[in-house]
Amino acid sequence: MPFVGSKPSDAASGGAQPLASRMRPESLSEFFGQEHLVGPGKLLRSMIERDQIPSLILWGPPGVGKTTLANIIANMTRASFITFSAVTSGIREIKEIMAQADRARCQGVRTVLFIDEIHRFNKAQQDAFLPFVEQGSIILIGATTENPSFEINSALLSRCKVFVLNGLDENDLVRLLQRALESPKGYGGIPLKVEEDVLRKIAIYSNGDARTALNTLETAINNAGSVDGVPTVTEEVLTACVNGKMLLYDKNGEEHYNLISALHKSMRNSDPDAAVYWLARMLEAGEDPLYVARRCIRFASEDVGLADSNALLLATTVWDACHNIGMPECKVALAQIVIYLSLAPKSNAMESAYLAAARDAQRMMAEPVPLHIRNAPTRLMKDLRYGAGYTYAHDTDEKIARMTCLPESLQGRCYYRPGVLGAEGRLGQRLQAIRDWRAGRTEVPPFSTAAYGGGGPSRQEAAAKPIQPSTGPDTKASSSAKPRESEAEKETTSPAPDGAAAMPPPVRDGRT
């Protein structure tokens, strides 16, 4: 049965104000967390206590104290303090406040302007503050959950000091909740029991967000049952109020890019355990599975490439699976490709080749196509020597011609530099054979096995070797008489499939 007992007095509770609003700190002594900024002797604390606040940006996730710090500054400063919301205000209101601040400056009065959600202002609105910050008419304090490097104009950002606020740790949140139970502004003086570990579970659920922690506690207390006549918050009550751990995630925000970066770098570092964890973090927080699948397709070419060409095929197959069956069924398919990519041999030769070629292409957009590889569909083009000197590779014994295909100014340029892992090692041998033959350093045809260390005879060797006569049915019988390998021997001696590297022994825990 929900608890409908007495609540804190109206004077303490502020009427219908939520607990998070009632418990908002009014001084630094009541402030929890951000010890790196407002701990004893720290820079921001010293600035606030000396009332020498510069223009600054407070950047951090929701519920970590950005607005609270601004309110504490308002309580302690001798300057005129104006609060301004980027959500509800426009350019007209900005100009009115700026004119008011300019008049106050002429009278020797400083104006501190606090702008919540400053990243919601567009470029023109942010530009309106610039001259007034520049001439000192206002001290600007902006609060944002987004990366200022991307959301704040560089000219305005260069005139502000950026302070990064972190999510509150578990112990800070537990202390905050305990204070809410004891303070007259919260539930102090009300008979109330909260089971052991409930506060810590709320702290874990809140993921560093003080507002979420206080709101969750308030909801749990409002739905508390009665045990021996005392309202009691049990773990069962808390579970009913909380559907699941709230994960900090904004599909268009900073944490979105942090998590996809963590996933990508874990796969690149061949760490499937970390990769599947970051994948789960994204999917459980509501990320679009097709976005993750697209990134895996990119990774298959950017970080695996020709070292394992199957990676790209599997990645595109997983994208199809995600598109066709959706969530939650496609979670395991995404885990499959993430683990496969983590364990695949790595090569960034594809990306490196393209980036190098792109730099030359951008510098040489007007570089003409060599005449011998131009198309010549008309008589005029043939008369202009289009296609003259072109050698059709299939008409040669070697199936390759010594003609060059790059513009003259780029002759000898090597964009593709193959790696040595997986299938790309063999491709590298083939490429070297092609380059050696084309440069005239060898006469061995590049597609013969002798040219790049293949397993069979060269063309010349095959022609010189006499054909062995068939030995008839006894041949099959003799081969079948070989002793069979045990299953254990097969496991230890079977080669890796084409395009895949043999699995190395574990290395991270120092066993090898």
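Please refer to the structure placed before this passage.
Numbering of residues starts from 1 in every chain and runs along the sequence as written. For this predicted model, a pLDDT threshold of at least 70 governs which residues receive local features, and a threshold of 80 or more governs which side-chain atom pairs are given and counted, while totals over whole chains, interfaces and linings are taken from all residues. Remark: hydrogens and water are excluded; side-chain values derive from all non-hydrogen atoms of the structure.

J.: Explain the environment of L283 here, please?
T.: Numbered from the N terminus, helices here are DSSP runs of H or I no shorter than four residues, and strands are runs of E no shorter than two. For L283, the location among the structural elements is in helix α15 (residues 272-284). The buried label goes to any residue with under 20% of its type's maximum accessible area, the exposed label to any with over 50%, and the partly exposed label to all in between, with areas taken from a 1.4 Å probe on protein chains only. A relative accessible area of 7% places L283 in the buried class. As a C-alpha pair, L283 and M327 span 44 residues in sequence and 9.0 Å in three-dimensional space. With near-sequence residues (within four places) excluded, L283 lies in contact with P289, V292, M327, K331 and L334. Should any heavy atoms of two residues lie within 4.5 Å, those residues are considered in contact.

J.: What is the right way to read helix α7 (residues 123-135) from this model?
T.: Counting along an α-helix, one turn takes 3.6 residues, and residues three or four places apart therefore face a common direction. When we look at burial in α7, the residues that qualify are Q125, Q126, A128, F129, F132 and V133. Elements in contact with the buried residues of α7: β2 (80-85), α6 (91-106), β3 (111-116), β4 (139-144), α8 (148-151) and α9 (154-157). Distance and chemistry together define a polar contact, namely a pair of N or O atoms within 3.5 Å, with one atom able to donate a hydrogen and the other to accept it when in protein, and with adjacent residues in sequence counting only for side-chain atoms on both sides. Put simply, N122 is the residue that caps the front of α7, since its side-chain oxygen is 3.2 Å from the backbone nitrogen of A124. Of the residues trailing α7, G136 is marked for its positive phi of about 85°.

J.: Where do I start with the sheet that holds β3 in this structure?
T.: Working definition: the strands of a sheet are paired by backbone hydrogen bonds and lie parallel or antiparallel to each other. Following DSSP output, two strands are said to pair if at least two bridges run between them. The parallel open sheet is built from five strands, whose spatial order is β2-β3-β4-β1-β5. Edge positions in the sheet fall to β2 and β5 (161-164), since each of these pairs with one other strand and no more. Across this sheet, the average inter-strand angle for adjacent strands is 15°, counted without regard to direction. Pairing between β3 and β4: five bridges, direction parallel. Across the sheet, residue L113 finds its bridge partner in β4, namely L140. Axis angles are defined between N-to-C directions and span 0 to 180 degrees, where every axis is a line fitted to C-alpha atoms and, for a helix, only to the segment in contact.

J.: So what exactly am I meant to see when it comes to the nonpolar core here?
T.: Across soluble globular proteins, nonpolar side chains have a tendency to be buried as a group. In this text, buried Ala, Val, Leu, Ile, Met, Phe, Trp, Tyr and Cys residues form a nonpolar core when linked through side-chain atoms within 4.5 Å. Counting residues in each nonpolar core, the largest one holds 52 residues, and the members touching the most others are L44, I53, L69, I141, L214 and L217. Apart from residues no more than four positions distant in its own chain, L69 is found in contact with L28, F31, V38, L44, I48, L58 and L165. Ranked by size, the runner-up nonpolar core spans 29 residues in total, among them L290, A300, V304 and V318.

J.: Hey, could you run me through the pattern of salt bridges in this one?
T.: Any two side chains of opposite charge can pair, so long as their charged atoms come close to each other. Salt bridge criterion: a side-chain nitrogen from Lys or Arg within 4 Å of a carboxyl oxygen from Asp or Glu. For the coordinates displayed, the defined rule picks out 20 salt bridges. Between E443 and R402 there is a salt bridge, and its shortest N-O distance comes to 3.6 Å. Taken together, the positions of E443 in the loop between α21 (424-438) and α22 (459-464) and R402 in the loop between α20 (379-383) and α21 put the pair 41 residues apart, joining distant regions of the chain. Residue E443 is classed as exposed on the basis of its relative accessible area of 59%. Assessed through its relative accessible area of 35%, R402 is described here as partly exposed. In this structure, a network of salt bridges that share partners links the residues R268, R298, E302, D303 and E351.

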